[in-house]
Amino acid sequence: MYLDGSAAPSLADAPVDILALLGDHSTLARMPAFRIEQAYHTAELAAYRRLRRETFVHEQGLFAGHDLDDRDADPRTLVLVAKDHAGTVIGGVRLGPVADGPDIGWWAGGRLVVAPGARGPHGIGAALVRAACARAETEGVLRFDATVQARNEVLFKRLGWRSVRGTTVAHTPHVLMRWPIGRIAALAAATKSPLGPLLAALPAAAIRAFGEEPAGGVPGVGGPAVTGAPGGADTAPGIPGALGGAGFVGDDGAPVPGTDVIAACDAIVPSMVERDPEWAGWCSVLVNVNDLAAMGASPLGLLDAVGARDVAHARRILAGLARAAAAYGVPVLGGHTQLGVPAALSVTALGRTQHPVPGGGGRPGHAVRLTADLGGGWRPGYRGRQWDSSSHRRTDELRTMTGAVAAARPAAAKDVSMAGIAGTLGMLAEASGCGAVLDVAAVPRPRTASVGDWLTCFPGFAMLTTDEIGAPPLPAGPATGAVCGELTEGQGVGLRWPDGEITEAVTSTVTGMGTA
């Protein structure tokens, strides 16, 4: 018996709905007339294909005999079906990679069908399209196309799709349409776009400080460093130390005026310090050493600032930090520890180089190279967001990778940051006064990472460099490198696909901090 006194069916007769068990029959009465789920069983797939044959072969006459093709035989192809309350398949759509070979994040949807008796006000077709878009993005897809009959173009536009061009399929007018996937742009906007306006006051403050201490100068400010005013205006020509020094805007580290020292500073997300303190400690070293490496600097030492709720938590943070410092061979010079406070961790790194490599040294026509350590795997608890390539490496391997930029001295270099590979390339291009194009299929990538995840995650060790075409690769030991794009005139970052199409990843500048 249900809680409202009505009779409940036997468990052997049907599964019990929790809403009915609680007596909430009104909610059950308002439930949609259908549900959408992935088809796993042979009977579901067969029912979907019967609907296709009835619609595309018999009703519309688009195909003779059947409408099956090689995408149906691809095991990576997914089928989503709509079912009524009785479990009958009343519609479906398929989606999957457009071609054989590695999945490079380019998928297509197709064969959208709804049973004749289910068409109309229920919106089953639109619901299937929305479900396909959501599933594609969940799978890490960055380009999702569909070739739809011309009469359905209006429906797809209402759902947010964009028309690309007209085409013909089975002697019938169709339109190639594309679902706008803003994953890369959204990440760049969330992590980097506030920097220009946010840091606008700092150069003026630095200049005032310089004026008050004419004999001293202003120390460089760690990552991102800014020269002059964001936007490229020079607020203090000739004054050293105005947040980075001439030629270093938004770099991974800041040259300290009058010395060969590079300073870098990074804070770890507090929630990460709270829930995974050892990994937070490790990463606080990793990100700072990578920042120095991108500048072509050799690390001298680290200073840490730790906040923790108690001694036990602080001990776990420092254990991870100490383990990473030992692995990279970098001493911890000192720092500050505060107990009885919310979790917090920031590390400053000092390095040395006579000739720092700028992040804004690229020029249109330069080849873009990604050098990344593809070893390791997703950090537990951070799948799709943090790739752990470093914790299993030997010290000599880590030193070889972090010394690669200094050895090769490319025109420009940036450590891949929170903005991901594509967003960081946008930062390099912005500082260089350029745009950029990334060849998706040429980007070095672990087999277990989707393209969408890989281009937007924190990849452990990954360096983006630009130089003249034919410049030698970075001698980065176990890391994998490849030329995978070029700098262009304009701004923003485009993704180039094997068919020559270029889709927008970042439409404008990333930080608003201007050129170097």
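Residues numbered from 1 in each chain as written. Predicted model: local features only at pLDDT ≥ 70, side-chain atom pairs only at ≥ 80, totals over all residues. Heavy atoms only, no water.

## Describing the confidence of the model for the protein
Should the pLDDT be low somewhere, the predicted coordinates at that spot are not to be read in detail.
Then, number 1: In this model, the protein carries a mean pLDDT of 89, and residues with pLDDT of at least 70 account for 87%.
Then, number 2: Taken as a whole, residues 207-242 scores under 50 in pLDDT and shows 79 contacts with residues more than four places along the chain or in a different chain. (pLDDT = per-residue confidence, 0-100. Contact = heavy atoms within 4.5 Å.)

## Regarding the sheet that holds strand β7 (residues 172-179)
Then, number 1: Reading across the sheet, the seven strands line up as β1-β2-β3-β4-β5-β7-β6 and stay open at both edges, with mixed pairing between neighbours. Only two strands of the sheet have a single partner each, and these edge strands are β1 (34-38) and β6 (162-169). Taken pair by pair, the neighbouring strands of this sheet meet at an average axis angle of 25 degrees, ignoring direction.
Then, number 2: Relative to β7, strand β5 (residues 143-149) runs antiparallel, the two being bridged by six bridges. The residue bridging Asp145 from the neighbouring strand is Arg178, located in β7.
Then, number 3: Across the face of the sheet, helix α3 (residues 42-59) comes into contact with β1, β2 (78-84), β3 (89-97), β4 (106-114) and β5 while running at roughly 75 degrees to β4. (Pairing = 2+ DSSP bridges. Helix = DSSP H or I, 4+ residues; strand = E, 2+ residues; numbered from the N terminus. Axes fitted to C-alpha atoms, helices over the stretch in contact; angles between N-to-C directions.)

## Digging into the packing of aromatic side chains
Then, number 1: Counted under the stated rule, the structure contains seven aromatic pairs.
Then, number 2: Judged by centre distance (6.0 Å) and plane angle (50 degrees), the ring pair of Trp161 and Trp179 falls under tilted. On the criterion of sequence distance, the pair formed by Trp161 in the loop between α6 (153-158) and β6 and Trp179 in strand β7 is long-range, its members being 18 residues apart.
Then, number 3: Residues Trp378 and Trp387 carry aromatic rings whose centres are separated by 5.1 Å and whose planes lie at 85 degrees to one another, so their mutual orientation is edge-to-face. (Phe/Tyr/Trp six-rings, centres within 6.5 Å; stacked < 30°, edge-to-face > 60°.)

## A word on the side chain of Lys192
Then, number 1: Inspection of the secondary structure puts Lys192 in the loop between α7 (183-191) and α8 (195-198).
Then, number 2: Here Lys192 sits buried without a salt bridge, and the closest side chain of opposite charge, Asp266, lies 6.9 Å off (N-O distance). (Buried < 20%, exposed > 50% of the residue type's maximum accessible area, 1.4 Å probe, protein only. Lys, Arg positive; Asp, Glu negative; His and termini not counted. Salt bridge = Lys/Arg side-chain N within 4 Å of Asp/Glu carboxyl O.)

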